[in-house]
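# Summary of the model geometry
So you can see what is in the structure, the chains are spelled out below.
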Amino acid sequence: LATTASELETGLPERIQAAVGEGFRREVLPVGRQLAEIRGLLNNVTRRLERLEEDILSERHARIDDLALLVDLVSSGWRSVDARIAGLEDTALEDRGAFAAASAEPAETVEHRLLPLAASNAA
């Protein structure tokens, strides 16, 4: 019994160390590889998400630029319409004044005669 105990004392720590080392090789190393693979996949996903974010941001800026251009076009169009209407109003006032001066009638009288004419032409 003493020799067996002595053999176990000398051989048991080495056998336990070998068993633990074998367990680590079997269990821990594959887990480490799997963790490294997961880390690589997460880095890949992160890069793709960053690329998508950049694409979406550039699209957003392009849409904002398009909207600004559209607002400028509409604004300049309305300014053009306002200028044309002002020119027509000025021309109409000049024509009315010239017509009133030519007929030697007061402008109010001419205006009262032209209003029914304009209404009948519009109908």
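Below: a short report on this structure. (Residues numbered from 1 in each chain as written. Predicted model: local features only at pLDDT ≥ 70, side-chain atom pairs only at ≥ 80, totals over all residues. Heavy atoms only, no water.)

## Quick word on the overall build of the chain
Helices and strands together make up the secondary structure of the chain, namely two helices and zero strands. Taking all 123 residues of the chain together, 3% fall into the buried category. Roughly 10,800 Å² of accessible area belongs to the chain as shown, and the carbon and sulfur atoms make up 62% of that amount. (Helix = DSSP H or I, 4+ residues; strand = E, 2+ residues; numbered from the N terminus. Buried < 20%, exposed > 50% of the residue type's maximum accessible area, 1.4 Å probe, protein only. Areas by Shrake-Rupley, 256 points an atom, 1.4 Å probe, with all protein chains shown as cover.)

## Notes on a negative patch on the surface
A contiguous patch of negative charge on the surface is contributed by Glu50, Glu53, Glu54 and Asp55. For Glu50, the location among the structural elements is in helix 1 (residues 2-103). (Patch = residues over 30% accessible without salt bridge, like charges linked within 9 Å, V, L, I, M, F, W, Y side chains within 5 Å. Salt bridge = Lys/Arg side-chain N within 4 Å of Asp/Glu carboxyl O. Lys, Arg positive; Asp, Glu negative; His and termini not counted. Charge placed at Lys NZ, Arg CZ, Asp CG, Glu CD.)

## Points about the pattern of salt bridges
Taken as a whole, this structure holds four salt bridges when the rule is applied. Across the pair Arg26 and Glu22 runs a salt bridge, and its minimum N-O distance is 3.2 Å. With a gap of four residues between them, Arg26 and Glu22 both fall in helix 1, about one helical turn apart. With relative accessibility at 58%, the residue Arg26 sits in the exposed group. Looking at Glu22, the relative accessible area reads 30%, which means it is partly exposed. Here Glu59 ties to Arg63 by a salt bridge, and the two come within 2.8 Å at their closest N and O atoms. Taken together, the positions of Glu59 and Arg63, both in helix 1 and four residues apart, correspond to about one turn of that helix.

## Quick word on a nonpolar patch on the surface
The grouping of Leu67, Leu70, Val71, Val74, Trp78, Val81 and Ile85 at the surface amounts to a nonpolar patch, some 650 Å² of accessible area in total. Mapping Leu70 onto the fold places it in helix 1.

Keep in mind these values describe shape, not function.
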